[in-house]
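Structure at a glance
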Amino acid sequence: MAELNLILLGPPGAGKGTQATNLTADFGLPHIATGDILRAAVAGETDLGKEAKRFMDAGDLVPDSVITGVILERVAEDDARDGFVLDGFPRTVDQADSLGKELEARERRLTGVLLIDTPDDVVIKRISGRRVSRKTGRIYHVDFDPPTHEGRCDVDGSELIQRDDDREETVRKRLVVYHEQTEPLIAYYEDLGLLRRIDGTRSPSEVHAHIRATIATLRLEDEL
Ligand code: ADP
Ligand code: ADP
């Protein structure tokens, strides 16, 4: 079977992390979440974390020179041999160019780019209610996907927190950054014939079903 190399694209709060978790369960592919990698680096006070923190706190993107090498190395690891789900990368045209060159050098290519299309007013509601477990990475929403016991992760009872950058002012800044720097990737991947649009306003299970159907079609097209 051919590799399944996927990118999840969409604004903050569109549901990329939620759907990437589903895809990991479906296909056994590693979920490469740039934000999670960066937050772990900040918590561990590594060089990467020290460089990234002030940009993340301000809702800005971490410079390409800081993040690109880290993600390209991750994609080249052994567990991503049969494919990967990239969540939160690329976020700029430069990052997309670097990824394209790296894959080409390894004679690999992207299977598809799934845009989880979700308007700003919807993502603001989603992000303001987002809660996460730092320990398990499981994502919840206080109204749309609440845990069984308030404030505790269903997996292991660990504490659920609100991310520092999920405060409303930072969210608005992140949306501006998305429209300016990341949205050009829609046309970029459309031109390459790789973009597939998913209606992100539907329920998580409907979005999941649409993504699965889209992947099935991509795979058929890949075999032709
Ligand atoms: P969300 O899923 O809500 O969009 P992420 O967890 O993906 O948020 O990202 C959190 C922050 O990490 C971003 O606001 C940005 O500062 C940084 N970040 C994540 N991915 C990238 C990237 N590919 N390039 C630059 N900065 C990034
Ligand atoms: P992203 O990774 O794109 O930033 P998340 O997967 O973290 O987005 O989802 C953002 C918030 O919205 C979370 O609280 C999540 O539980 C919730 N959520 C995700 N998908 C949906 C959906 N289809 N409908 C309603 N809420 C959703």
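Provided above is the structure to which this section pertains.
Residues numbered from 1 in each chain as written. Chains lettered and ligands numbered in written order. Predicted model: local features only at pLDDT ≥ 70, side-chain atom pairs only at ≥ 80, totals over all residues. Heavy atoms only, no water.

**Side note on the site of ligand 2**
Taken together, 17 residues lie around ligand 2, and Gly-13, Lys-16, Thr-18, Arg-130 and Tyr-140 are the ones closest in. Contact between ligand 2 and Gly-17: an oxygen atom at 2.8 Å from a main-chain N or O atom of the residue. Between Pro-204 and ligand 2, the recorded distance is 3.3 Å, taken from a backbone N or O atom to a nitrogen atom. Bound to the protein, ligand 2 loses 92% of the 560 Å² it would expose on its own. Put simply, the parts of the chain that give the shell around ligand 2 at least two residues each are helix H1 (16-27) and strand S6 (139-141). Taken together, the residues of the shell around ligand 2 break down into 7 nonpolar, 6 polar and 4 charged. (Near = heavy atom within 4 Å. Polar contact = N/O pair within 3.5 Å; in protein donor to acceptor, adjacent residues only side chain to side chain. Areas by Shrake-Rupley, 256 points an atom, 1.4 Å probe, with all protein chains shown as cover. Helix = DSSP H or I, 4+ residues; strand = E, 2+ residues; numbered from the N terminus. Nonpolar A, V, L, I, M, F, W, Y, C, P; charged D, E, K, R; others polar.)

**Description of the nonpolar core**
Formed by 31 residues in total, the largest nonpolar core has its most connected members in Val-62, Phe-84, Leu-86, Leu-99, Leu-110, Val-113 and Tyr-189. Secondary-structure elements contributing two or more residues to this core are strand S1 (4-9), helix H2 (34-43), helix H3 (47-58), helix H4 (64-75), strand S3 (83-87), helix H5 (93-105), strand S4 (112-117) and helix H8 (184-191). Apart from the residues lying within four places of it in its own chain, the contact partners of Val-113 are Ile-7, Leu-9, Tyr-189, Leu-194, Leu-195 and Arg-196. If you look at the next biggest cluster of nonpolar residues, it comprises 15 residues, including Leu-6, Leu-8, Ala-20 and Ile-211. (Core = buried A, V, L, I, M, F, W, Y, C linked by side-chain atoms within 4.5 Å. Buried < 20%, exposed > 50% of the residue type's maximum accessible area, 1.4 Å probe, protein only. Contact = heavy atoms within 4.5 Å.)

**Some details on the environment of Asp-87**
With respect to the helices, strands and loops of the structure, Asp-87 is situated in strand S3. Between the C-alpha atoms of Asp-87 and Thr-24, which are 63 residues apart in sequence, the distance is 12 Å. If sequence neighbours within four positions are ignored, Asp-87 has contacts with Leu-8, Lys-16, Gly-17, Ala-20, His-31, Ile-32, Ala-33 and Thr-34. For Asp-87, the side chain forms a polar contact with the side chain of His-31, separated by 2.9 Å.

**A few points about the pattern of salt bridges**
One pass over the structure, following the stated rule, counts 21 salt bridges. With a closest N to O distance of 3.0 Å, Asp-165 and Arg-163 form a salt bridge. For the salt bridge of Glu-169 with Arg-167, the shortest nitrogen-to-oxygen distance reads 3.7 Å. (Salt bridge = Lys/Arg side-chain N within 4 Å of Asp/Glu carboxyl O.)

**Focus: the packing of aromatic side chains**
Within this structure, the stated rule accounts for 1 aromatic pair. Ring plane angle 80° and centroid distance 4.9 Å describe the contact between Tyr-188 and Tyr-189, whose orientation is recorded as edge-to-face. The exposure class assigned to Tyr-189 is buried, which follows from its relative accessible area of 2%. Over the ring of Tyr-140 we find Arg-138, and its NZ or CZ is 4.3 Å from the ring centre. (Phe/Tyr/Trp six-rings, centres within 6.5 Å; stacked < 30°, edge-to-face > 60°. Lys NZ or Arg CZ within 6 Å of the ring centre and 35° of its normal.)

**Focus on the sheet that holds strand S5 (residues 130-133)**
Overall, antiparallel pairing links the 3 strands, which are arranged S6-S5-S7 in an open sheet. Of all the strands in the sheet, the pair left with one neighbour each is S6 and strand S7 (160-161). Relative to S6, S5 runs antiparallel, the two sharing 3 bridges. Bridged to Arg-131 within S6 is Tyr-140. (Pairing = 2+ DSSP bridges.)

**Description of the side chain of Ser-133**
Tracing the chain through its elements places Ser-133 in strand S5. Note on Ser-133: relative accessible area 2%, which makes it buried. At 3.0 Å, the side chain of Ser-133 and the backbone nitrogen of Thr-136 are in polar contact. Side-chain polar atoms of Ser-133 contact the side chain of Ser-158, separated by 2.8 Å. In contact with Ser-133, not counting residues within four places along its chain, are Arg-138, Cys-153, Ser-158, Glu-159 and Leu-160.

It is worth stressing that arrangement in space is one thing and function is another; only the former is reported here.
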